[in-house]
Amino acid sequence: MSRHINSIFKVCLFLLISLLVGCSKEPPEAVESSLVETLGLRDYASAKGKFIGNLMRDGMFENEQVNGGSTDKILRTEYNAIVLGNKMKMSNLLRNRPQDPFNIKITDINTGNIDKFVAYADKYQMRKRGHVMIWYKQIPSWLEAEAPNWTAQQVYDFSKSYITTLSSYSAGKIDEWDVINEAIINNDFRRNTWYDIVSSQANDEGEVGFQSYFSHLFKWARQSDTAAELFYNDYNIEPFGTSKNNFMRNLVKELKSTHAAPIDGVGLQGHFKIDQVTEQFVAKLGQTIDDLGVAGFTVNITELDIRICAGDNGNIQTQKDAYKRIVSTAFNRENCNTVLIWGSSDNDSWINTHYEGCGQATPHDENYRYKPAYFGIKEALMEL
Ligand code: G3I
């Protein structure tokens, strides 16, 4: 009986949201003048079967003290998908050296970070993105010191052990994982990595090369968690036809067809500079999503931000168009279901500390107020 009432309630809620979404198609000027939005971006997105997300920075697990609760409020009212900015990277999950790095136990992993993340996301019904299993950056210092002395087989053993233990633990909790992040530079594989040895030395099975190694990463992840969607994630791969884009598309297609890697999707990070986001640029981003769609891949935008730097022609008004165009182009394609933004406000953005003279990259300003970009996203969602 209570399940029945619950279903009726959900249907009514959906109808109410659909009605409000339909009714609130006022001109942009009127929308932008509103001080408090009745619905969050998540309501518009979920009414269209899409996920709009953001990241949670360090130490913000439902922490009402951080920024007076503003960040927490933005996350749970605006977004129905979430990722951790740093806390699920290897430097945090495997901070202390396991007794045996080739036989990692669950007690070696800082599962508390995963638990807190999952509890927060579940409480607010958010899709959970895992970032990241294997990356050349943000690795524990003990790995940085030891890995250069490892054989290829040891790199395989360590990676298998880490992924298997992590995936087994996160199974049923995390919806999608970045299995490998940023493995390409320009038109070649990235070489400055702790796992580079696999490209020149064979493992015990005689396998050599990055493709073999990467395909195993996906296979181990799938074996331990059959439900999570598995992604290759990178930056500067968005517009179709650049050398890095060509290399990426060939790589993921080869991993899937030649190596039978269970790779479900590609994450286009989407760290953009305002003047870069022209109409043509966004059209080429759409072409990438289409091309990978033909090959059976989901393509999500996983770390979207659009920075404005000193000397740029663009401003927060053109940033609105840029956000709108990207969200619209991505979500008008069936094989794109998620757009995650990398920073809940301009106050919580990595841009401030990593790019001198740049900032204002997110949809909320430094005082957590809506920016034109916010309304660009909202309009794109309403027009889907
Ligand atoms: O944890 C230390 C802290 O102990 C120390 O006091 C402080 C002093 O600078 O640094 C802290 O580490 C910082 C870390 O974030 C955690 O907050 C690092 O300096 C800082 O460089 C690091 O930046 C992160 C960056 O990845 C590192 O590569 C950003 O927050 C994070 O948003 C960014 O995220 C990446 C994605 O994972 C992959 N794609 C690109 C994206 C942007 O770079």
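Residues numbered from 1 in each chain as written. Predicted model: local features only at pLDDT ≥ 70, side-chain atom pairs only at ≥ 80, totals over all residues.

Asks: Where do I start with the site of the ligand in this structure?
Replies: Near the ligand, the surroundings consist of Asp 58, Gly 85, Asn 86, Lys 137, Gln 138, Tyr 235, Gln 269, Glu 303 and Trp 350. The residue makeup of the shell around the ligand, split by class, is 2 nonpolar, 4 polar and 3 charged. (Near = placed C-beta within 6 Å. Nonpolar A, V, L, I, M, F, W, Y, C, P; charged D, E, K, R; others polar.)

Asks: Would you mind showing me how to read helix H12 (residues 316-331) here?
Replies: Residues spaced three or four apart along an α-helix face the same direction, because each turn holds 3.6 residues. Along its 16 residues, H12 runs 22 Å from first to last C-alpha, staying within 8% of the 22 Å computed at 1.5 Å per residue. Along H12, the positions that sit buried rather than exposed are Gln 319, Lys 320, Ala 322, Tyr 323, Lys 324, Arg 325, Ile 326, Val 327, Thr 329, Ala 330 and Phe 331. Each element contacted by the buried residues of H12 is listed here: helix H11 (279-294), strand E11 (298-309), strand E12 (338-341) and helix H14 (372-382). (Helix = DSSP H or I, 4+ residues; strand = E, 2+ residues; numbered from the N terminus. Expected span 1.5 Å × (residues − 1). Buried ≥ 20, exposed ≤ 12 C-beta atoms within 10 Å, placed from the backbone. Contact = placed C-beta atoms within 7 Å.)

Asks: Got a minute to help me understand the environment of Asn 300 in this structure?
Replies: Assignment of secondary structure puts Asn 300 in strand E11. For the pair Asn 300 and Ile 289, spaced 11 residues apart in sequence, the C-alpha to C-alpha distance is 8.4 Å.

Asks: How do you make sense of the pairing of strand E3 (residues 127-130) when you look at a structure like this?
Replies: A regular strand places its side chains so that they alternate between the two faces of the sheet. Burial along E3 is two-sided: Arg 127 and Arg 129 facing one way and Lys 128 and Gly 130 facing the other are all buried. Of the pairings in the sheet, the one linking strand E2 (residues 81-84) to E3 comprises 3 bridges and is parallel in character. Within the sheet, the bridge partner assigned to Ile 82 lies in E3 and is Lys 128. The pairing of E3 with strand E5 (residues 176-181) spans 2 bridges and is parallel. Looking across to E5, one finds that Gly 130 is bridged to Trp 177. (Pairing = 2+ DSSP bridges.)

Asks: Got a minute to help me understand the confidence of the model for the protein chain in this structure?
Replies: In regions of low pLDDT, the predicted coordinates are not meant to be interpreted in detail. Residue-level pLDDT values for the protein chain average 92, and 91% of them are 70 or greater. Contacts of residues 1-15 to residues separated by more than four positions or lying in other chains number 0 contacts, the stretch itself having pLDDT below 50. Contacts of residues 17-33 to residues separated by more than four positions or lying in other chains number 16 contacts, the stretch itself having pLDDT below 50. (pLDDT = per-residue confidence, 0-100.)

Asks: What's the story with the pairing of strand E8 (residues 229-234) in this structure? I'm lost.
Replies: Burial runs high along E8: 5 of the 6 residues are buried. Inspection of the sheet shows E5 paired to E8 by 5 bridges, in the parallel sense. Note on E8: the bridge partner recorded for Ile 180 is Tyr 232. Sheet topology places E8 next to strand E9 (residues 265-268); 4 bridges connect them, and they run parallel. Looking at E9, one finds that Phe 231 is bridged to Gly 265.

Asks: What am I meant to see in the environment of Asn 192 here?
Replies: In this fold, Asn 192 is placed in the loop between strand E7 (188-189) and helix H9 (210-224). Asn 192 gets classed as exposed once you count the C-beta atoms within 10 Å, which come to 8. Counting along the chain gives 56 residues from Asn 192 to Tyr 136, while the straight-line C-alpha distance between them is 7.5 Å.

Asks: Before we go on, may I ask you to explain unusual backbone geometry in this structure?
Replies: When glycine is set aside, most residues are seen to have a negative phi, and most peptide bonds are trans. In this chain, His 131 is followed by Val 132 through a cis amide linkage whose omega measures 20°. Among the structural elements, Val 132 can be located in the loop between E3 and strand E4 (134-135). Look at Gln 138: it is not a glycine, yet its phi comes out positive at around 45°. Under the C-beta neighbour-count criterion, Gln 138 is labelled exposed, with 12 such atoms within 10 Å. With phi around 50°, Gln 360 is a residue other than glycine that occupies positive phi space.

Asks: Explain the environment of Glu 334 here, please?
Replies: In this structure, Glu 334 sits in the loop between H12 and E12. Assessed through the 10 C-beta atoms surrounding it within 10 Å, Glu 334 is described here as exposed. Separated by 45 residues in the primary sequence, Glu 334 and Ile 289 place their C-alpha atoms 9.5 Å from one another.

Asks: Teacher, can you tell me more about the packing of H12 against H14 here?
Replies: Between two packed helices, both the angle of their axes relative to each other and the distance between the axes serve to describe the pair. Look at H12 against H14: their axes get within 7 Å of each other, and the N-to-C directions meet at 30°. Comparing their axes, H14 and H12 come out roughly parallel. Here the hand of the crossing between H12 and H14 comes out right-handed. The segment H12 lies against H14, with Ile 316, Gln 317, Gln 319, Lys 320, Asp 321, Tyr 323, Lys 324, Val 327, Ser 328 and Phe 331 engaging Pro 372, Ala 373, Phe 375, Gly 376, Ile 377, Glu 379, Ala 380 and Leu 381. Residues belonging to the contact of H12 with H14 are distributed by class as follows: 10 nonpolar, 4 polar and 4 charged. (Axes fitted to C-alpha atoms, helices over the stretch in contact; angles between N-to-C directions. Parallel < 35°, antiparallel > 145°, perpendicular 65-115°, else oblique. Left-handed = near helix turned anticlockwise from the far one by under 90°.)

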